[in-house]
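Residue-level listing of the chains:
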Amino acid sequence: NPQDNSIRQKALKARIDCLLGTSGAGEEILIAVRSFARVKSLNSQVEHIEDAFYGFVKIIDSKDAYTKGHSERVTKISKAIAVNMSLPKEKIRMLEKAAKLHDVGKIGIPEAILNKPGTLTEEEYNYIKMHPVISEKICSPLLSLHPILPIIRHHHERYDGKGYPDGLSGEDIPLEARIIAVADCFDAMSTKRPYRERLPKERIVSIFNAGAGSQWDESIVSILVKMLNDGLIKNMALYNP
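Scanning the chain from N- to C-terminus turns up twelve helices and zero strands. Its helices and strands taken in sequence order, the chain reads α-α-α-α-α-α-α-α-α-α-α-α from the N to the C terminus. Taken across its 241 residues, the chain has 41% of its residues classed as buried. At a minimum sequence separation of 6, the contacts of the chain that also span at least 24 residues come to 58%. With the model as given, the accessible surface of the chain reaches about 13300 Å², and the carbon-plus-sulfur share is 54%.

Given below as structure tokens:
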């Protein structure tokens, strides 16, 4: 009847097609539409909470002119590497989320340590090494972020197992974390920091080539170096030699 057709149209608009072929299922479809509306509302709330997390990152980045925009730049270069590797869209989406939040734990590190112009003491460096774990703890209450927690936790692991916090090595380190590790170090090298000026492209390439296979995944380094040599990163306004 016309009423059933109206309900079916609403269900169709709500992308609920699993019941459309069921005879006499008007009431069930209406329940499904209402359920979908509730889920959509919850998803919207989750998105707002995630936005709040990203807001924390912007606050952290803005605390120091040297790192302003750091997480955004790391996200862009990480995505560019992932696209070059032809990773699935869902993996790229998760990678972007993790890259945005990888340093949120620095909110728990004293500014005097983060912005120290000289060499860090062993105790101060141990503070710095806590930030991936703090980032993971900050993000863990939100279920939608659980898939990216290992990426956040392990973005400072080294390919040779000498990184932190868990000393993972090789392919035991999540691929997305290995990508962020390269993007993170690239941004650190290509921007001015309290302890040094930004490095020229040739020096950055030399450092990455020397550390390929030990500090970083060699295959990811080769992609970054090619992007640098092809001028792709300059075109992305991430690096201005």
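Our next topic: the nonpolar core. Ile81, Ile148, Val182, Phe208 and Leu224 are the most contacted members of the largest nonpolar core, which has 42 residues in total. For this core, the secondary-structure elements that each account for two or more residues are helix H3 (70-84), helix H4 (89-101), helix H8 (149-153), helix H9 (175-190), helix H10 (201-211) and helix H11 (218-229). In this structure valine 182 touches Ile81, Phe208, Trp216, Ile220, Val221 and Leu224, once residues within four positions along its chain are discounted.

Looking now at empty space enclosed by the protein. Enumeration according to the criterion identifies one cavity of 30 Å³ or more in this entry. If you add up the space inside the largest cavity, you get close to 30 Å³. Together, Glu157, Arg158, Tyr159, Ile173, Arg178, Ala181, Gln215, Trp216 and Asp217 line the largest cavity. In terms of residue class, the lining of the largest cavity is made up of four nonpolar, one polar and four charged.

So, on to H9. The periodicity of an α-helix, 3.6 residues per turn, causes residues three or four positions apart to be oriented the same way. With 16 residues, H9 should reach 22 Å at 1.5 Å per residue; the first-to-last C-alpha distance of 23 Å fits that figure. Burial analysis of H9 places 14 of its 16 residues in the buried class, the great majority of the element.

Rules of the game
Residues numbered from 1 in each chain as written. Predicted model: local features only at pLDDT ≥ 70, side-chain atom pairs only at ≥ 80, totals over all residues. Heavy atoms only, no water. Helix = DSSP H or I, 4+ residues; strand = E, 2+ residues; numbered from the N terminus. Buried < 20%, exposed > 50% of the residue type's maximum accessible area, 1.4 Å probe, protein only. Contact = heavy atoms within 4.5 Å. Areas by Shrake-Rupley, 256 points an atom, 1.4 Å probe, with all protein chains shown as cover. Core = buried A, V, L, I, M, F, W, Y, C linked by side-chain atoms within 4.5 Å. 1 Å grid on protein atoms, 1.4 Å probe; cavity = no way out; pocket = protein on both sides within 12 Å on 5 of 7 lines; lining within 4 Å. Points joined across faces, edges and corners; volume = space filled by probe spheres on them. Nonpolar A, V, L, I, M, F, W, Y, C, P; charged D, E, K, R; others polar. Expected span 1.5 Å × (residues − 1).

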